[in-house]
Amino acid sequence: QLSAKLEFDFIDFAKSSPTTQMNPRVRIASVTYVWDNNKVIIGQDWDLFSPVTSFTFDYVGLYFMAGNTGFIRQQFQYLNTQGNWEYGAAVGMAGNNPGTSDSDLELSKSPSYSGRISYALEKGRIGASAIYSNLKYALNDSSHDSYAYNLFFEKTWNQTTVKSETYYGQNLANI
C-alpha cells in the first residue's frame, strides 16, 4: 500500500560537454499510498497535467520552456479509479526556480491546480487534463493567469504504439 520512488540522473546544463563534471539531479522523489480505488502521490513526480511522454529521448518536447506542457512537478496528487475511468486532481508548485534566491514563483505563494480525466482502453488510454495558476510579479506588482487544456491519446496495436496530445494554453512559460 505504501511505496517510495527515488530517481536521479547526472547533468549540468551550465557546461557544454559535462561528461566527467556532471552533478547528480533529483528527478523523482515521491511517496505513494494506495487503498481500494484510490491513490495519493506526494512529492516530485510526473506532472498530473499532460501525462503523455516519449518512449526515449524527445528532442522537441521534453525540454522545459520549449513546447512541453507537462514534465515533472512537486505536487500532491489524488487519483480515483472507477471501472475504466480515472479521475485525478493535484495541487503543486507553480513552476521551477533553479536560482539561489526566491523569485515570483515563491513570493506569489500561488500553487498550480490541475485536473485530469482518462478512460482506459485495451492497451491504451484517452483523456483530457487542465492546469491553472496565478502568479503575482513583485517587479511591477502585476499578476498573470497561466492555464492550459490538454487532450491526449495512447494506444498499442501489435508492435505499433501511437502517442499523441494537443493543447491550448496561455502564459505556460510562467509555470
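Source: prediction; values computed, not measured.

Here's the deal with the sheet that holds strand β4 (residues 72-82)
Okay, so step 1: Taken in spatial order, the 9 strands make up an open sheet running β1-β2-β3-β4-β5-β6-β7-β8-β9, and their pairing is antiparallel. At either end of the open sheet lies a strand with only one pairing partner, and these are β1 (2-11) and β9 (160-170). Averaged over all pairs of adjacent strands, the angle between their axes in this sheet comes to 15°, without regard to strand direction.
Okay, so step 2: Here strand β6 (residues 112-121) runs beside strand β7 (residues 124-137); their pairing, made up of 9 bridges, is antiparallel. By the bridge assignment, Gly115 is partnered in β7 with Ala130.

Quick notes on the environment of Lys5
Okay, so step 1: Along the polypeptide, Lys5 turns up in strand β1.
Okay, so step 2: If we ignore the near neighbours within four places in the chain, the residues touching Lys5 are Ile28, Ala29 and Ser30.

Looking at the pattern of salt bridges
Okay, so step 1: On inspection of all chains with the given rule, the structure shows 6 salt bridges.
Okay, so step 2: In this structure, Asp47 and Arg73 form a salt bridge, with 3.0 Å as the shortest nitrogen-oxygen distance. Here Arg73 lies in strand β4 and Asp47 lies in the loop between β3 (38-46) and β4, a separation of 26 residues in the sequence. As far as the burial class goes, Asp47 and Arg73 line up, both buried.
Okay, so step 3: With a closest N to O distance of 3.6 Å, Glu154 and Lys163 form a salt bridge.
Okay, so step 4: With a relative accessible area of 12%, Glu154 lands in the buried category.
Okay, so step 5: The network of salt bridges with common partners includes Arg125, Glu154 and Lys163.

Cut-offs used in this document
- Every chain begins its residue count from 1, and numbering advances along the sequence as written.
- Given that the model is predicted, a residue must reach a pLDDT of at least 70 before its local features are reported, and side-chain atom pairs must reach 80 or more before they are shown or counted; all residues, however, enter totals for whole chains, interfaces and linings.
- The side-chain numbers reported here are obtained from all heavy atoms of the structure, hydrogens and water having been left aside.
- A pair of strands counts as paired when DSSP detects no fewer than two bridges linking them.
- The way it works is that DSSP assigns letters per residue, a run of H or I at least four long becomes a helix, a run of E at least two long becomes a strand, and they are numbered from the N terminus.
- For helices, the fitted axis covers only the stretch in contact; all axes are lines through C-alpha atoms, and the angles between them, taken along N-to-C directions, range from 0 to 180 degrees.
- Any two residues having at least one pair of non-hydrogen atoms within 4.5 Å are treated as being in contact.
- Each reported salt bridge corresponds to a side-chain nitrogen of Lys or Arg within 4 Å of a carboxyl oxygen of Asp or Glu.
- When accessible area is computed with a 1.4 Å probe and restricted to protein chains, residues below 20% of their type maximum are described as buried, those above 50% as exposed, and intermediate ones as partly exposed.

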